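Structural overview for review
The residues making up each chain are set out below.
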Amino acid sequence: MTALRRIQKELTDVRNRPVDGLTVEPDEDNLYVWRCAVKASSDSPYKGGTFRFTLTLPENFPFKAPTVVFSTKIYHPGINEEGHICVPVLRDQWKPTVTLSSVLAIIQEKVNNPSPDDPFEPEIAAQLKNDHAKFLATAKEWTKKYATA
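Residues numbered from 1 in each chain as written. Predicted model: local features only at pLDDT ≥ 70, side-chain atom pairs only at ≥ 80, totals over all residues. Heavy atoms only, no water.

Under the annotation held in an unreviewed UniProt entry, the protein chain carries the name Ubiquitin-conjugating enzyme and is attributed to Rhodofomes roseus.

**Overview of the side chain of His76**
Relative to the assigned elements, His76 resides in the loop between strand E4 (67–70) and helix H2 (100–112). A polar contact is formed between the side chain of His76 and the backbone oxygen of Lys110, at a distance of 2.7 Å. The contacts of His76, once residues within four sequence positions are left out, are Tyr46, Lys110, Val111, Pro114, Glu121 and Ile124. (Helix = DSSP H or I, 4+ residues; strand = E, 2+ residues; numbered from the N terminus. Polar contact = N/O pair within 3.5 Å; in protein donor to acceptor, adjacent residues only side chain to side chain. Contact = heavy atoms within 4.5 Å.)

**With respect to unusual backbone geometry**
Geometrically, the link from Phe61 to Pro62 is a cis peptide bond, its omega value of 10 degrees lying close to zero. You can see Pro62 is positioned in the loop between strand E3 (50–56) and E4.

**So, the pairing of E3**
Looking at chain direction, strand E2 (residues 30–39) and E3 are connected through 7 bridges and run antiparallel. Bridge pairing in E3 places Val38 opposite Phe51. Here E3 runs beside E4; their pairing, made up of 4 bridges, is antiparallel. Residue Thr56 lies in a different strand from E4, and its bridge partner there is Thr67. (Pairing = 2+ DSSP bridges.)

Structure representation (structure tokens):
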């Protein structure tokens, strides 16, 4: 029951202080599942794209980190083919004091600013580092193909 109270508080915080470019909708039947979307910023390699993901909270939240899985394909060094995102706060840096608002902001930042450091997709990271123009072209192509209405 403690988890549910915390989730309701987190959801209230997210709704009271919405983040520009980010939408969050809890599942109708399950507050432990949030349907989210990041609209890429205009200076991002993914501009014009909207990337949907599901944030799933464990039963023992906040003592265990949520899981995040993107349903929109994205050509990104930190998001793998299965849609899992590589951010330390969802792995070894999780603490019960971390808020879901901050997790969502970190995800948004990661989407908009791909980095070759700590990649989930080493080949994409290498391309970002060594052939930036080709990375940008592929990111733009995938965004157009998978992330625009």
